[in-house]
Amino acid sequence: MKGTVSFRFVDLLLNPIPNLQHKIENAKGQVIAAGLTNSKGDTVVISRDIGTLLNVFVKKINGDYKKVGFYIVYKTDDVKVYRSPKVSIKNIQSYEKKNEKGNAQPFVYTVKDG
């Protein structure tokens, strides 16, 4: 009997992580799926026999793969979610305050001694 699963990668705030490079290996270390997640953070659907062990890896910035977990196929149409301990920052906005002359002035933070 076959089961199917796809994996979803989200950040700490549950936002999907698109274009995340990943690979799925079987228990023998053979890569059975690899690629990039879609805009929803999903991988392709994988179909395997019930009871098959799948190891899940993501590619780190340095190019090495990190194992983030494993999954044992046990039903059809399953979605396993992996949550990153980090926040994905998509758009960083810079906020400035204006001085009396209307010129932009960056925020300044002063740290006190002690």
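Visitor: Explain the pattern of salt bridges here, please?
Guide: A pair can form between side chains of opposite charge whenever their charged atoms are brought close. Applying the stated criterion to the full structure yields three salt bridges. The closest approach of N and O atoms between R8 and D42, which form a salt bridge, is 2.6 Å. Residue R8 is located in strand 1 (residues 2–10), and its partner D42 is located in the loop between strand 3 (31–36) and strand 4 (46–49); the two are separated by 34 residues in the primary sequence. On the accessibility criterion, R8 (30% relative accessible area) is partly exposed. With relative accessibility at 12%, the residue D42 sits in the buried group. Between K23 and E25 there is a salt bridge whose closest N-O contact spans 3.2 Å. Grouping residues by exposure puts K23 and E25 together as buried.

Visitor: Explanation requested: the pairing of strand 5 (residues 53–59) in the structure shown.
Guide: The side chains of a regular strand alternate between the sheet's two faces. Burial analysis of strand 5 places five of its seven residues in the buried class, which makes it a mostly covered element. Looking at chain direction, strand 2 (residues 21–26) and strand 5 are connected through five bridges and run antiparallel. Looking across to strand 5, one finds that I24 is bridged to V56. Linkage of strand 5 to strand 6 (residues 65–72), two consecutive antiparallel strands, is achieved through a turn of five residues, within which G63 is found at a positive phi near 100°.

Criteria and thresholds
- Residues numbered from 1 in each chain as written.
- Predicted model: local features only at pLDDT ≥ 70, side-chain atom pairs only at ≥ 80, totals over all residues.
- Heavy atoms only, no water.
- Salt bridge = Lys/Arg side-chain N within 4 Å of Asp/Glu carboxyl O.
- Helix = DSSP H or I, 4+ residues; strand = E, 2+ residues; numbered from the N terminus.
- Buried < 20%, exposed > 50% of the residue type's maximum accessible area, 1.4 Å probe, protein only.
- Pairing = 2+ DSSP bridges.

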